[in-house]
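# Analysis of the macromolecular model
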Amino acid sequence: MTELRRMRDNLQSLKGAFSDLNEADSNALYDNNISVNLEEIQDTPSMKRSFRVSWGPNGTYVYRSKKNLRPIYTSYIARTTPLRIAKASQRDIVRFRKVLIVSEDDVNIKERISKSLELIFEHSTFGQEDDTPYVIPASLSFMDFISVFDTKTIDEHENLTWKLCHALWDDLQIPSEHYDSMSLDKVTRDCRKARISKWFQITNELKMPDHLKLSGYSNDDTDLIFAHLTSKQISKAVLIAIKNREFHLASLISQLYGNDYVKECMKQQIDHWKDTQIDKLISLNHLKLYELLSGNVFATTKGLDWRTTISMQMWYGCRLDDSFDEALNIYDEARTDSEEISNPFVWYNHVNGNDHWKYLDTNKQTFDLHYHLMKLSTDPTHSLEEALHPRTNHVAPLDYRITWLLHYMIARILNIRDFIDNEVMVDQISLKFIFELETLGIWQWAVFIAMFINDPNVRKFMLCELLNRYVHQIPKEKAESFQNFAIKKMQLKEEWLFGSQEMFSKYKEIPGRKRKFGY
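So, a few notes on the structure that sits alongside this text. Sequence positions are assigned chain by chain, starting from 1 and proceeding in written order. This being a predicted model, a pLDDT of at least 70 is required before a residue's local features are given, and a value of 80 or more before pairs of side-chain atoms are given or counted; all residues contribute to the totals for chains, interfaces and linings. Only hydrogens and water are set aside when side-chain values are computed; all heavy atoms of the structure are taken into account.

## Side note on the overall build of the protein chain
Regarding its fold elements, the protein chain presents 24 helices and 5 strands. Each residue is placed in one exposure class: buried if its accessible area under a 1.4 Å probe, protein chains only, is under 20% of its type's maximum, exposed if it is over 50%, and partly exposed if it falls in between. Looking at the protein chain as a whole, 48% of its 519 residues qualify as buried. Contacts are residue-level and defined by heavy atoms, with any inter-residue pair within 4.5 Å sufficient. Pairs at least 24 residues apart make up 69% of the contacts formed inside the protein chain by residues separated by at least 6 positions. Each helix is a run of H or I in the DSSP string that is no shorter than four residues. Each strand is a run of E no shorter than two, and both are numbered from the N terminus.

## Describing the side chain of threonine 366
Its place among the elements puts threonine 366 in the loop between helix 16 (324-337) and helix 17 (369-378). Accessibility expressed as a relative area gives 18% for threonine 366, which makes it buried. Aside from chain neighbours lying at most four places away, what touches threonine 366 is Pro344, Phe345, Val346, Asp361, Arg391 and Thr392.

## Observations regarding the side chain of threonine 300
When you line up the elements, threonine 300 lands in the loop between helix 14 (284-293) and helix 15 (306-317). Apart from the residues lying within four places of it in its own chain, the contact partners of threonine 300 are Phe226, Lys288, Glu291, Leu292 and Met312.

## Here's the deal with the nonpolar core
Core analysis: the largest hydrophobic core is formed by 122 residues, its most contacted members being Ile120, Trp162, Leu229 and Trp404. Ranked by residues supplied to this core, first place goes to helix 19 (residues 401-413) with 8 residues. Residue ranges assigned to the domains are those given by an automatic or database domain assignment. There are two domains that each give this core at least three residues, and those are domain 1 (106-144 + 348-509) and domain 2 (172-337). If sequence neighbours within four positions are ignored, isoleucine 120 has contacts with Ala138, Leu140, Phe145, Trp404, Leu405, Tyr408, Phe448 and Phe452. Only buried residues count toward a nonpolar core. Its members are Ala, Val, Leu, Ile, Met, Phe, Trp, Tyr and Cys residues joined through side-chain atoms within 4.5 Å.

## Considering unusual backbone geometry
Its identity is not glycine, yet lysine 232 carries a phi of approximately 60°, on the positive side. Within the secondary structure, lysine 232 is located in the loop between helix 10 (222-229) and helix 11 (234-243). Residue lysine 232 is classed as partly exposed on the basis of its relative accessible area of 21%. Residues other than glycine seldom take positive phi values, yet glutamine 277 does so here, at roughly 60°. Position of glutamine 277 relative to the elements: it lies in the loop between helix 13 (260-275) and helix 14.

## Overview of the environment of alanine 446
Mapped onto the elements of the fold, alanine 446 is located in helix 21 (residues 443-450). Residues alanine 446 and isoleucine 434, 12 residues apart in the sequence, show an inter-C-alpha distance of 4.8 Å. When neighbours within four sequence positions are excluded, alanine 446 is seen to be in contact with Ile434, Leu437, Glu438 and Leu466.

## Examining the pairing of strand 4 (residues 125-129)
One face of the sheet, then the other: side chains in a regular strand alternate in exactly this way. Taken together, the 5 bridges between strand 4 and strand 5 (residues 132-136) define a ladder with antiparallel strand orientation. Each bridged residue has a counterpart across the sheet, and for glycine 127 the counterpart in strand 5 is tyrosine 134. Being paired, for any two strands, means DSSP has found at least two bridges between them. Counting the residues that bridge the hairpin from strand 4 to strand 5 gives 2 residues, and of these aspartate 130 lies at a positive phi of roughly 55°.

## Examining a negative patch on the surface
In this analysis, a patch consists of residues with relative accessible area above 30% that form no salt bridge, clustered at 9 Å for like charges and at 5 Å for the nonpolar side chains Val, Leu, Ile, Met, Phe, Trp and Tyr. Working definition of accessibility: Shrake-Rupley area with a 1.4 Å probe, residue cover restricted to the visible protein chains. Only one rule defines a salt bridge in this text: a Lys or Arg side-chain nitrogen within 4 Å of an Asp or Glu carboxyl oxygen. When charges are counted, Lys and Arg contribute as positive and Asp and Glu as negative, whereas His and the chain ends are disregarded. A single reference atom marks each charge: NZ on Lys, CZ on Arg, CG on Asp, CD on Glu. On the surface, a cluster of negative charge is contributed by Asp325, Glu326, Glu333 and Asp337. Among the secondary structure elements, glutamate 333 is positioned in helix 16. For glutamate 333, a relative accessible area of 54% translates into the label exposed.

## Observations regarding the packing of aromatic side chains
Centres within 6.5 Å make a pair out of two Phe, Tyr or Trp rings, where for Trp the six-membered ring is used; the pair is then stacked when the planes are under 30 degrees apart, edge-to-face when over 60, and tilted otherwise. Using the criterion set out here, one finds 25 aromatic pairs in the structure. For the ring pair tryptophan 199 and phenylalanine 200, a centre distance of 5.1 Å and an interplane angle of 70° mean the geometry is edge-to-face. Accessibility assignment for this pair places tryptophan 199 and phenylalanine 200 in one class, buried. Seen from their ring centres, tyrosine 408 and phenylalanine 452 are 5.7 Å apart, and the 85° between their planes marks the pair as edge-to-face. Residue tyrosine 408 is located in helix 19, and its partner phenylalanine 452 is located in the loop between helix 21 and helix 22 (456-470); the two are separated by 44 residues in the primary sequence. The buried category is assigned to phenylalanine 452, whose relative accessible area is 2%.

Here is the structure:
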């Protein structure tokens, strides 16, 4: 009893070091609440005088519970008898929780991971380096990822992410023999701009219901005209103006895109109205349209989404020959000078949902992944580390799937950009993705990702570690086919598989029996 009291006192002294976890009850990061009594721990001689709070398998975390917290008992630990647990006092327990990788409502995470990694696996080949297998990168495009996913598997934001990457970086397939070098550069720039413009149209059309709903509160159809212009639906805007018998306005709107002469004339007209104070006699909705016709886009985009603002600047504010880079740079300068222009904050700032990790960004200043991708394509100094942080894409900070996939495409396949601390940072992301896959229970894909680790020693260690942890879980009827596949296709070492089987046999205190591999 004296030793048990001493252990309890030591456990209480941990309160200062782990108060943040205890006070928050760790509800934001962990689930699957499980408890075990300290009397079980004190049976082990090595644990009589110490207790270390630490990680367990599959993302399980063990820590001291709150004082007087009523435990919730489950059959998590097979060697712990429920009767002995029931006799424990309320404060003599430790708690087990499992890391929350994604929101509990996300039921498609495993399917998304499997589909994306299957695509890479099918196009990959395997080689040997220092007697350790590794993956030779596949030749893929972002269009391949678009074709793999459907809208039921991925959310709207991720769907737009792959389409944006396709617009920014996928090959344009322009027949170069028809152009000289100067003409080819111009054609390439125009075709790239056309792809990006199409992406903005698709994105803005998703906001159209909100714009059309707002237009229903106005006394005329000018808001409806403006709503169509946000998606570059110029012909529909012209038809509405004609329907309202505003023929002069319809004529001007038809020349809105790419006509610099009309913009200059409209600008002079507005200046004249302001000098003579005639602008006070014109409705605000009509003035907004005239400002847009003059190229003064930012005077009309208050309250609009940042994507809509950039796209309207590209369509109606810039000259026809200007590249997308010019529109993005003008937007960046404008948003820093005016609070009325929307900043490119992450999409989930405006969604009412369960953000378990909102404490990571209490000021809600994280920029959206789409904005970072645009900057990566236009600014060679933009940070890839900042762009690929998980929170730029979704709420879950431990979901590294998109981070790993985008780095694979941007750095390994297309060679566009890489991290400053290249190999170290890349390996860290791979290890975090492996942890995610283990926690989700799809360890086979964790073995595949481990083969992308740059450091051969770390790669070998992780591969052996994963086999030691999980190879015994393979059903007997599938063991032989897995071993053939692992040795022949993935080039894993036969002795690694033997060693993992023997290690598990020793752990189970059963004489080791080597399985005969038929390959």
